[in-house]
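Single-letter residue listing:
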Amino acid sequence: MSDTVLCPKCSSEFTYPSDNMMVCSQCFYEWNPEEVASETANEGKILDSNGNELQDGDSVVVVKDLPVKGAPKPVKAGTKVKNIRLRPGSDHNIDCKIDGFGAMALKSEFVKKA
C-alpha cells in the first residue's frame, strides 16, 4: 500500500504535509485531509436541510413554502410528506405524493426529516 496522497484539485502525487494540512507542489493547493475524507464519506448520500441522511420510506416535513407550477397555491411550510422515494443523481432527488397536489419531485434542501 502506498502512502502517497493525491491532490484533490490536480491529482498530482507530489504532495507534502505542512502542519495539519497537505500541500501540492504542482498547483500549490492546500487542504485538510480529514475534511476531504468526511466529504467523500457523504458522497452519494442524500441529506435534508439539517444534514440528516434520508432513506427510502422516510417521512419529511417541508421547511418553506414551495410554489408549484400550474397550481393556484403553494405547498405550505410544515406539510408532512410520508413514504418518500430517493432519486440519487437527480436535481429534484425526492419523489413523493402530497395530499391535494399529487405526485411530485422535491429537492432535499427544502425538507427536514420528521
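Residues numbered from 1 in each chain as written. Predicted model: local features only at pLDDT ≥ 70, side-chain atom pairs only at ≥ 80, totals over all residues. Heavy atoms only, no water.

The next subject is the overall build of the protein chain. Looking only at helices and strands, the protein chain has 1 helix and 9 strands in total. Of the regular secondary structure in the protein chain, the N- to C-terminal order runs β-β-β-α-β-β-β-β-β-β. In terms of C-alpha radius of gyration, the protein chain reaches 20 Å, well past the compact-globule figure of 13 Å for 114 residues. Of all 114 residues assigned to the protein chain, the portion counted as buried reaches 25%. Taking the contacts inside the protein chain whose residues are at least 6 apart along the sequence as the reference set, 36% of them involve residues at least 24 apart. Carbon and sulfur atoms form 47% of the exposed surface of the protein chain, whose accessible area is close to 7900 Å². Both charge centroids of the protein chain, one from 14 positive and one from 17 negative side chains, sit 17 Å from each other. (Helix = DSSP H or I, 4+ residues; strand = E, 2+ residues; numbered from the N terminus. Rg over C-alpha atoms; globule rule 2.2 N^0.38 Å. Buried < 20%, exposed > 50% of the residue type's maximum accessible area, 1.4 Å probe, protein only. Contact = heavy atoms within 4.5 Å. Areas by Shrake-Rupley, 256 points an atom, 1.4 Å probe, with all protein chains shown as cover. Lys, Arg positive; Asp, Glu negative; His and termini not counted. Charge placed at Lys NZ, Arg CZ, Asp CG, Glu CD.)

It is worth spelling out the UniProt feature "domain: Protein YjdM N-terminal" (unreviewed entry) in the protein chain at this point. The feature "domain: Protein YjdM N-terminal" (unreviewed entry), as annotated in UniProt, sits at residues 7-32 in this numbering. Helix makes up 0% of residues 7-32 and strand 38%. Its end C-alpha atoms lie 11 Å apart. (UniProt positions renumbered as here; feature names shortened; annotations may be inferred.)

What follows is about the UniProt feature "domain: Protein YjdM C-terminal" (unreviewed entry) in the protein chain. Sites flagged by UniProt as "domain: Protein YjdM C-terminal" (unreviewed entry) map to residues 47-114. Secondary structure across residues 47-114 divides into 0% helix and 29% strand, with the first and last C-alpha atoms of the span separated by 13 Å.

It is characteristic of soluble globular proteins that their nonpolar side chains tend to be buried jointly. Among the nonpolar cores identified, the biggest contains 14 residues, and L54, V81, I84, C96, I98 and L106 are the most heavily contacted of them. Contributing elements (two or more residues each) for this core: β4 (60-62), β7 (94-98) and β8 (102-106). When residues of this core are assigned to their parent elements, the largest contribution, 3 residues, is made by β7. Among residues more than four places away in sequence, those in contact with L54 are I46, L47, D48, V60, I84, L86, I94, S108, V111 and K113. (Core = buried A, V, L, I, M, F, W, Y, C linked by side-chain atoms within 4.5 Å.)

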